[in-house]
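Breakdown of the fold
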Amino acid sequence: MYNIQVPYMELGFYFADMPDDNAFGAVCAALTRQGAVLGKRAFVHNGHAVATQPFATIHDMPLEEVAFSPSDMQSLMADSDTRLVQIALDDVFGDYEIPTPALLTYSSISDEASQQDHHPIAVWLSGIAFDPIPELEAERQALGERVYALFTQLARALSPTYAAITFEYALECLTDLKRDPRSLAFRNFYVANDLLGDNHAALIGLYTGAYIEPLPDGVYISCTAEFNPGGKHIPFEKGSKTVRLIIANS
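Let us look at the structure shown here. (Residues numbered from 1 in each chain as written. Predicted model: local features only at pLDDT ≥ 70, side-chain atom pairs only at ≥ 80, totals over all residues. Heavy atoms only, no water.)

1. Here we look at the nonpolar core
With 50 residues, the main nonpolar core has Leu11, Leu31, Ile87 and Leu104 as its most contacted residues. Here this core takes eight residues from helix H4 (residues 137-158), the largest share from any one element. Excluding its chain neighbours within four sequence positions, the residues that come into contact with Leu31 are Ala36, Leu89, Val92, Leu104, Val123, Leu150 and Leu154. Among the nonpolar cores identified, the runner-up in size contains 27 residues, and Leu206, Ala210, Ile234 and Leu245 belong to it. (Core = buried A, V, L, I, M, F, W, Y, C linked by side-chain atoms within 4.5 Å. Buried < 20%, exposed > 50% of the residue type's maximum accessible area, 1.4 Å probe, protein only. Helix = DSSP H or I, 4+ residues; strand = E, 2+ residues; numbered from the N terminus. Contact = heavy atoms within 4.5 Å.)

2. Looking at unusual backbone geometry
The backbone phi angle of Ala49 is positive, close to 55°, even though this residue is not glycine. Along the chain, Ala49 turns up in the loop between strand E2 (37-46) and strand E3 (64-67). Of note, Glu168 is a non-glycine position whose phi angle comes to about 50°, a positive value. When you line up the elements, Glu168 lands in the loop between strand E7 (162-167) and helix H5 (174-179). A relative accessible area of 41% places Glu168 in the partly exposed class.

3. Some points on the pairing of strand E1 (residues 8-14)
The buried fraction of E1 is high, at six of seven residues. In terms of strand pairing, E1 meets strand E6 (residues 121-126) through six bridges, oriented antiparallel. Counterpart to Glu10 in the pairing with E6 is Trp124. In this sheet, E7 lies alongside E1 in antiparallel orientation, the contact comprising six bridges. By the bridge assignment for E7, Leu11 is matched with Ile165. (Pairing = 2+ DSSP bridges.)

4. Let's talk about the pattern of salt bridges
Counted under the stated rule, the structure contains five salt bridges. Here Arg156 makes a salt bridge to Glu213, at a shortest N to O gap of 3.0 Å. Here Arg156 is found in helix H4, whereas its partner Glu213 is found in strand E9 (residues 211-215), with 57 residues between them in sequence. Judged by relative accessible area, Arg156 falls into the partly exposed class, the value being 38%. (Salt bridge = Lys/Arg side-chain N within 4 Å of Asp/Glu carboxyl O.)

None of the figures reported here should be taken as evidence of function without further support.
The structure is reproduced here in structure tokens:
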């Protein structure tokens, strides 16, 4: 696979009503519209009708590397005997002085969820700048600003059910959140208004002191100073309470 320097940061996007391949393609298209530069490598599953078979993790089957260009996207997605599971990005931001490599991939879900739910789509990039080293403060701030901008732009463009910025932690699908609400994903995150319903005010109330930004179809909440323009930072203690509000109307 394409190596990302650890610890890795993940921008995860979950779509409750969109098939996996459509969601993967939508996130890829949105990234390129925002300026991301796709690489020349991708990884696939190959096999008879593999694109229609459920999977919990991309490692359920052998990963095969293939040469890739944007013009290959449509044919790969249309081939029922091939499942496109990872695309290398040479630069996820597209306008940074130093390119920031990344991977577009599927987050893992449980075996149970794979039979009935969808995979969050993840963008992996290195989070090494967030190591607590004073010398990295300027780099950390610059990367945080770019991640915030990209994440909120993608949330506006894609209107996912929910999404999150995490470190070394995969965003869960709804089925897995219902099975175990003790998620660590909801520290810097987006939730659609339609999912929250009448619980919108209750969710905002959980995050007093956090950065809260209404978006066209949802709300972005950030508890980490680097991921919001207000520089707001509060301790993360709301995971299970947040998940219970998120799943209440699902």
